[in-house]
Amino acid sequence: MEGDDCELQYGDGANEVQDSDFPTVERSRLQEMLLLLGLETYQAQKLGLQDALQISSDSMKNWAPQAPRDLPWNFLRKLQALSAEARNTTMVLDAPVDARPVEKEEEVIYWDTADDVSADIYSFSELPTPDTPVHPLDLLCALLLSSDSFLQQEIVLRMSLCQFALPLVLPDSENHCHTLLLWAMRGIVRTWWAQPPRGMGSLREDSVVLPRAPAFAFVRMEVSSNSKSQLLNAVLSPGHRQRDCFWHRDLSLGTSSREIADGLVEISWSLPSGREDLDLFPEPVAFLNLRGDIGSHWLQFKLLTEVSSAVFILTDNISKKEYKLLSSMKGSATKYYFILSPYRGKRNSNLRFLNRLIPVLKMDHSHVLVKVSSTDGARFVRRVRSIVANVARSPCRRVSVEDMAHAARKLGLRVDEDSEECQRAKDRMERITRNIKDSDAYRREELRLQGELWRKAARVEKELCQVQWAGDPPDKHRAELRRRLLELRMQQSGYDPTGDVQEFIAGISCPSLGERQYFLRWMEWGLAWVAQPRPRQPPETVLTLRLKQGGAGDLSEPLLPEPLGVEHFLREMGQFYEAESCLVEAGKLSAGQRRFAHFPGLALELLVRGLPLELIDGSTWSTPLRWVTGLLKELHMRLERRSRLVVLSALGVPGTGKSTLLNTMFGLRFATGRGRGPRGAFMQLVTVAESFSQDLGCDHILVIDSGGLIGGAPATAGERFELEASLATLIMGLSNVTVVSLAETRDIPPAIVHAFLRLEKMGHMPNYQFVYQNLHDTFAPGPKPRERRPLLEQPVDVSRAASYVDRQGEGLRTLVDLPFCDPEKQHIWHVPGLWHGALPMAPVSLGYSEAVFELKRCLLENIRNGLSDPSRNFQQLMELVRLL
């Protein structure tokens, strides 16, 4: 909507917007857009994260949407895959059968989109129809307004990974309520090079809502012949590397004018990498973009003037109305710059009003930039960039997104984080994390069952298991082991949950589902940032570390100690349950005396809601069997009607991208980053849509990430190798499908080869795929099918691994020699590099997202065609866990 369609209050009341300020026609546009997109049913009951992540028949198709109702789901699928084409609203429209040309099955129609220039007056009142496209920003706003807080968070997080500009202020003119999306952005973590005025620089990692930085707003007043978004993208693009962070009119993927997205404020950052040839600014700088005319969206413009170091106003004309609006900004500490195209407007009128504004806004003539068709575009961009750099270097306002939220509240805007559930969950998190000064000391004092007692109990249980499989063990030795285990469990049972553990249990068992989810997210962030991160090397050094030091063995040890996380509180609950169960089995405690029998049910709710749960404890390298089987039993009871299960696992040494691969394929939340997350193996549940479960042959997919358990120990490493081999055998033995993630073909860990050989000998061979991920060369082409045999024929140290299973393994020299490996089948995949360009400003490469989609399609096709073992139910999986 343009300026003439909205009446405003001036002077002291300029920051207040009344209900009457919204024209009647605006109130109907949102509902009509929601109806067009098929989102009208998600206004009372919002669309949730689990709804968006369900596997359906569409998960196996790379299809273009055929109607506007397909657009939201197409956007979510492509965003999950981190595809740069997620914003494409192109549709393939099916013509009537009798009207189609014989040689054509479908007509592909491409549209262009308008960005900052007003729509043609004759099409002003026309809303999109099923035969016309939807503006990408309308689609984004409609989807965010239809989503709950956690799906909003996921959408914004994945937009950040794609380097799209993020929605900061979400307009909702239908309900006269605009929302600043602080919660939605809080989970985004970025890394950049921080160079203090004195001393050595280092990498800093933080949530994007926390650091204070100069902010520069770009807005339009009435009509501008220059596109704000194109100018912003040019300013953010180093050299000839064009970055399309902000959507603009020349991205030829949609044409309709915006219907509900005017008033949207977007934000993006320029982050330094420590490389002078790439960095535009020496510190983080925020850029804000208001969609629509400031006259129609004065509240958002007022917010931008209060948080920005400088505001750039693009316009062709300065009218009397806009002059009065800007005059009300007198006394603001913000710097103002005008970008004019005077030959297209009223030149004399512009000069007259500018001369009046110069003393009011404390400007001088250098604050007026002129850009016409004959202006050198590159030189103009350098000038704007120079102004930004000069303002940022001078004493200026620096704000965080949290500061922006404070300013928004004062102006009457809603902040998504201010809900009662969210704030109660935050308060509970702070009551726990404020006690953490030293992580190691905290674990000893508050998480007491995970110390030496658990390690000793785990060793005794392993020995007891080995003795039971050794044939006919002496009864005396077996009884001694059981006595020692019972003694250790009784010592554990002598403790009560500490205050912080009880507070955690109360947080995950409160009646409100929303509050439970808020609490878990707050806990994840609170524990992650409770200690100051250590300075680290610049990105290029981290990426080349392995090349310089060489060998897969370098990946066996994490770069940083295991951080304190939510999983440690769940481990503590698991140990209380384990100890109590052991006493019940030994007759030392009656079932009626149990206090912790409900713990698996609490953990199950977290698994169902998308939290990864630990399958193998990373601190003791063992499986808490009673705890895991208790979880599966609860899951079986909960999902008995839909209990058919396929287990899909990913194995590989840390740093080979397996967690990122799983997250991209299925929208999961496994910890990523070598040495940065927990070391244990984690599992997460993915639901199959009921409409597709019969075709796929299962109701759920249990995804297992081996985490940091497989370190690539050589077969000569003795106990370490045997431990890795046994864990790899356990994970693969539970699996119907296994993905082995490799950084280099030579890096196939011997423990994984050992697991393959052992399972092949047992007659349990999962469907497997080797995924070779290019971690260094973004643009390297993938191998053609005929090149798979050379990859398989490269030397691998398998003979030593094989000798642990069968002493006849000396003839094995390459993977193609393994009896189960058929090079003619599609077992080898090449995935291009994750990033397109240099971090931290690089987006995910399109080649990566396309390759991962093809891998996902292949895995699901194999499951559907029965190439893996038949699906099991949770009861059968429990028995298999006990057996393995």
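Anything mentioned here points back to the structure above.
Treat the numbers as computed from the prediction; the structure is a model and nothing was measured.

Undergrad: So what's going on with the pattern of salt bridges? Residues and values would help.
TA: Summed over the entire model, instances satisfying the criterion amount to 41 salt bridges. Residue Glu461 is joined to Arg626 by a salt bridge in which the shortest nitrogen-to-oxygen separation is 2.9 Å. One end of the pair, Glu461, is in helix 15 (residues 452-468); the other, Arg626, is in helix 22 (residues 625-638), with 165 residues separating them in the sequence. With respect to burial, Glu461 and Arg626 carry one shared label: buried. Residue Arg720 is joined to Glu724 by a salt bridge in which the shortest nitrogen-to-oxygen separation is 3.0 Å. Note that Arg720 and Glu724 are positioned in helix 25 (residues 719-734) at a spacing of four residues, about one turn of the helix. For Glu724, a relative accessible area of 0% corresponds to the buried category.

Undergrad: So, the nonpolar core: which residues are in play, and what are the values?
TA: With 127 residues, the main nonpolar core has Ile155, Leu168, Leu180, Met185, Ile267, Phe338 and Ile701 as its most contacted residues. Counting 80 residues, the second-largest nonpolar core is a separate cluster that includes Ala603, Phe756, Leu759 and Met878.

Undergrad: Let's hear about the packing of helix 23 (residues 658-666) against helix 29 (residues 846-864): which residues, and what values?
TA: Where helix 23 contacts helix 29, the two axes come as close as 9 Å, and the packing angle between them is 75°. Relative to helix 29, the element helix 23 lies roughly perpendicular. Across the interface between the two elements, Thr660, Leu661, Thr664, Met665 and Phe666 from helix 23 touch Tyr848, Val852, Leu855, Lys856 and Leu859 from helix 29. Split by residue class, the contact of helix 23 with helix 29 holds seven nonpolar, two polar and one charged.

Undergrad: Which residues make up the sheet that holds strand 4 (residues 179-180), and what values do they have?
TA: Pairing is mixed across the open sheet formed by nine strands, whose spatial order is 12-11-10-7-9-8-3-4-13. Since the sheet does not close on itself, it has two edges, and those belong to strand 12 (368-370) and strand 13 (414-415), each with one partner. Across two bridges, strand 4 lies against strand 13 in parallel orientation. Counterpart to Thr179 in the pairing with strand 13 is Arg414.

Undergrad: Would you mind going over the sheet that holds strand 19 (residues 767-773) in detail, with residue names and values included?
TA: Taken in spatial order, the seven strands make up an open sheet running 14-16-17-15-18-19-20, and their pairing is mixed. Single-partner strands in this sheet number two, and they are strand 14 (613-616) and strand 20 (828-831). In this sheet, neighbouring strand axes are inclined to one another by 25° on average, regardless of whether the strands run parallel or antiparallel. The sheet contact formed by strand 18 (residues 737-742) and strand 19 spans six bridges and is parallel. Each residue of the ladder has a partner; that of Val739, found in strand 19, is Gln769.

Undergrad: Can you explain the packing of aromatic side chains? Please cite residues and give values.
TA: With the rule as written, the count across this model stands at 23 aromatic pairs. For the ring pair Trp183 and Tyr518, a centre distance of 4.8 Å and an interplane angle of 70° mean the geometry is edge-to-face. You can see Trp183 sitting in helix 6 (residues 182-186) and its partner Tyr518 sitting in helix 18 (residues 513-528), a full 335 residues away along the chain. On the accessibility criterion, Tyr518 (5% relative accessible area) is buried. On the numbers, 5.8 Å between centres and 55° between planes, the contact of Phe504 with Phe519 is tilted. With Phe504 in helix 17 (residues 499-508) and Phe519 in helix 18, this pair connects stretches of sequence that are 15 residues apart. By the burial criterion, Phe504 is buried, and Phe519 matches it. Connected via pairs of aromatic rings, a cluster forms that spans Phe216, Phe218, Phe281, Phe287, Phe312 and Tyr337. Above the plane of the ring of Phe353 lies Arg352, whose end atom (NZ or CZ) is 5.2 Å from the centre. The aromatic ring of Tyr323 is capped on one face by Arg356, whose charged end is 5.7 Å from the ring centroid.

Undergrad: Give a description of the packing of helix 25 against helix 26 (residues 750-762) that names residues and reports values.
TA: Running from N to C, helix 25 and helix 26 point in directions that differ by 50°, and their axes come no closer than 8 Å. One way to sum up the angle between helix 25 and helix 26 is to call them oblique. Considering only the axes of helix 25 and helix 26, their crossing is right-handed. Across from Phe721, Glu724, Ala725, Ala728, Thr729, Met732 and Gly733 in helix 25, the residues of helix 26 making contact are Pro750, Ala751, Ile752, His754, Ala755, Phe756, Arg758 and Leu759. Its residues placed into classes, the contact of helix 25 with helix 26 shows ten nonpolar, three polar and two charged.

Definitions and cut-offs
- Residues numbered from 1 in each chain as written.
- Predicted model: local features only at pLDDT ≥ 70, side-chain atom pairs only at ≥ 80, totals over all residues.
- Heavy atoms only, no water.
- Salt bridge = Lys/Arg side-chain N within 4 Å of Asp/Glu carboxyl O.
- Helix = DSSP H or I, 4+ residues; strand = E, 2+ residues; numbered from the N terminus.
- Buried < 20%, exposed > 50% of the residue type's maximum accessible area, 1.4 Å probe, protein only.
- Core = buried A, V, L, I, M, F, W, Y, C linked by side-chain atoms within 4.5 Å.
- Axes fitted to C-alpha atoms, helices over the stretch in contact; angles between N-to-C directions.
- Parallel < 35°, antiparallel > 145°, perpendicular 65-115°, else oblique.
- Contact = heavy atoms within 4.5 Å.
- Nonpolar A, V, L, I, M, F, W, Y, C, P; charged D, E, K, R; others polar.
- Pairing = 2+ DSSP bridges.
- Phe/Tyr/Trp six-rings, centres within 6.5 Å; stacked < 30°, edge-to-face > 60°.
- Lys NZ or Arg CZ within 6 Å of the ring centre and 35° of its normal.
- Left-handed = near helix turned anticlockwise from the far one by under 90°.

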